[in-house]
Amino acid sequence: MSQPNGPADLADSAPGTAGAVVPPGQKAAPEPAQAGPPRRLVVLLAVSCGLTVANLYYAQPLLSELRQSLHIGSVVAGSLVTATQLGYALGLLLIVPLGDVTEKRRLATLLLSLTVGALVLAGAAPDFAVLLAASLVLGCTLTVAQILVPFAADLAPDASRGRVVGQVMSGLLTGILLSRTVGSVVAGATSWRVVYLGSAALMTVLTLVLRSALPPRQPAAALRYGALLRSTVRLLKIHPALRRRALYQAAMFGAFSVFWTTISFVLTAAPFHYRQWQVGLFALAGAGGALIAPLAGRWADRGLVRPMTAAAFVAAAVAFGVAGVGRHSVLALGAAAVLLDMAVQTTLILGQHVVYQLDGGARARLNSAFMATFFVGGAVGSQAGSAAYHLGGWPAVAVLGAALPLLALATTFPRRPATLPA
């Protein structure tokens, strides 16, 4: 909540640095131009984030097939997505802060190697319990993507940081959205196990590429692990803007998870009766939302964080309204998917822009606190969406999904100052 006379949070998105004191009679030396990271490195980081984080979402469109293959209910099937996201949140809290005290290339290589092992275990899982455990471990190791995003922010100068982060995030978000299509098509042609085993092979190649291509990046801090974790919690305490943006994104990612965890149940039932590959093609609709990520970065650089955040909250609520009213029309559901994904991505890019400016020497820890909070929101949204669909069908899902961004929108309005006694 904004305070009446306190420092601005959403509006103050432009970089602010104190100028050096210049003695009288002397001219200030011109600041050296800051060169951004090479284009090919930005593209590599974007592709790497997309391929890596896609593993978090392969299971979402496969829930109906997993339910039949492993003989489980819809709520139990939804717990697979919840476990992956909780694992991701755990990794964000316990692993991502190491990016401030460990050489990033080495840390990324280690996490990707562990990811390969978790994917092989998931693909060979004999029952749902093993698959659930592998998904929890997988979620932890996939936080390598959140090592790479602050890496890009570190390399970018202040004036173009929003643009560079937006480009890397566009790759990450495209990976999230296309993962549903890839997972559905591959599973439809083969089986859900091939999805995990094929991704394990792809992650092996990516590990080798990043190991050779990433430049070495020395850590920004020297702290013991316990002190590192305590300092991450302390950042949440001393930065109100970090708390606000994390909670905003928790609400938005919760709504995102409500939609995408349950939409496969809708599309495989009457009146659609879609097959697995058709569910995957529907997921392509959400990929259009990734196009807004670079625009959101530019809005952040121009200082439009507050108005565009509010607009994104409204757009997300409208998306669920469209989905609820048009639940028997695939065109209406597709339009809702695009609008929702655009809204969620907008708030994510704007939030990261605000958070990364709070402390240049602690970006990994800031990212840890920010992302962990909102992935908890996503995990809660996945489970709540599955429960809402079980209890009240798609109308209940639409109401739940719309309520979350509207709740976030209500908190953006500043409170009136209290009337002081005469």
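Within each chain, residues carry numbers counting from 1 in the order of the written sequence. With the structure being a predicted model, the display of local features is reserved for residues of pLDDT at least 70 and the display and counting of side-chain atom pairs for 80 or more, all residues being used for whole-chain, interface and lining totals. Hydrogens and water are ignored here; the side-chain numbers use all heavy atoms of the structure.

- A UniProt comment under Subcellular location (unreviewed entry) is attached to the protein, and it reads "Cell membrane". UniProt positions are given in the numbering used here, feature names are shortened, and annotations may be inferred rather than shown by experiment.

## Observations regarding the overall build of the protein
Consideration 1: The helix and strand tally for the protein stands at 15 helices and zero strands.
Consideration 2: Burial status across the protein gives 54% buried among its 422 residues.
Consideration 3: Pairs at least 24 residues apart make up 86% of the contacts formed inside the protein by residues separated by at least 6 positions.
Consideration 4: Per element, the accessible surface of the protein, about 17500 Å² overall, is 67% carbon and sulfur. Labels follow the DSSP assignment, with helices taken as runs of H or I lasting at least four residues and strands as runs of E lasting at least two, numbered in each case from the N terminus. Throughout this description, buried means an accessible area under 20% of the type-specific maximum (1.4 Å probe, protein chains only), exposed means over 50%, and partly exposed covers the range between. Two residues form a contact once any of their heavy atoms are found within 4.5 Å. Accessible surface area values rest on a Shrake-Rupley calculation with a 1.4 Å probe, where residue burial reflects the displayed protein chains alone.

## Thoughts on the environment of S135
Consideration 1: In this fold, S135 is placed in helix α5 (residues 128–141).
Consideration 2: Given a relative accessible area of 2%, S135 falls into the buried group.
Consideration 3: Sequence spacing of S135 and A59 is 76 residues, and the spatial spacing of their C-alpha atoms is 9.5 Å.
Consideration 4: Sequence-distant contacts of S135, defined by excluding residues within four places in its chain, comprise L80, A83 and T84.

## With respect to unusual backbone geometry
Consideration 1: Cis peptide bonds are those with omega within 30 degrees of zero, and the linkage from A270 to P271 qualifies with 5 degrees.
Consideration 2: With respect to the helices and strands, P271 occurs in the loop between α10 (240–267) and α11 (276–287).
Consideration 3: Its identity is not glycine, yet H71 carries a phi of approximately 55 degrees, on the positive side.
Consideration 4: Position of H71 relative to the elements: it lies in the loop between α2 (63–69) and α3 (74–94).
Consideration 5: Even without glycine at this site, H273 takes up a positive phi of about 55 degrees.

## Here we look at α11
Consideration 1: The first and last C-alpha atoms of α11 sit 18 Å apart over 12 residues, in line with the 16 Å expected at 1.5 Å per residue.
Consideration 2: Of all the positions in α11, only Q276, V279, G280, F282, A283, G286 and A287 are classed as buried.
Consideration 3: Turning to α11, the residues buried within the fold contact α2, α7 (161–189), α10 and α14 (330–356). Residue count minus one, scaled by 1.5 Å, sets the expected span of a helix.

## Description of the packing of aromatic side chains
Consideration 1: In this scheme Phe, Tyr and Trp rings, the latter by its six-membered ring, pair at centre separations within 6.5 Å, and the angle between planes marks the pair as stacked below 30 degrees, edge-to-face above 60, and tilted otherwise. Following the criterion strictly, the structure yields 14 aromatic pairs and no others.
Consideration 2: Ring centres of Y88 and F375 lie 4.2 Å apart, and the angle between their planes is 50 degrees; this geometry places the pair in the tilted category. Here the residue Y88 occupies a position in helix α3, and F375 occupies one in helix α15 (residues 363–411), the gap between them amounting to 287 residues.
Consideration 3: Accessibility expressed as a relative area gives 0% for Y88, which makes it buried.
Consideration 4: Note on F375: relative accessible area 3%, which makes it buried.
Consideration 5: A ring pair is formed by F253 and F256, whose centres lie 5.4 Å apart and whose planes are at 15 degrees; its orientation type is stacked. Taken as a pair, F253 and F256 lie in helix α10 at a separation of three residues, close to a single helical turn.
Consideration 6: The structure contains a cluster of three or more aromatic residues connected by ring pairs, namely Y88, F253, F256, F370, F374 and F375.

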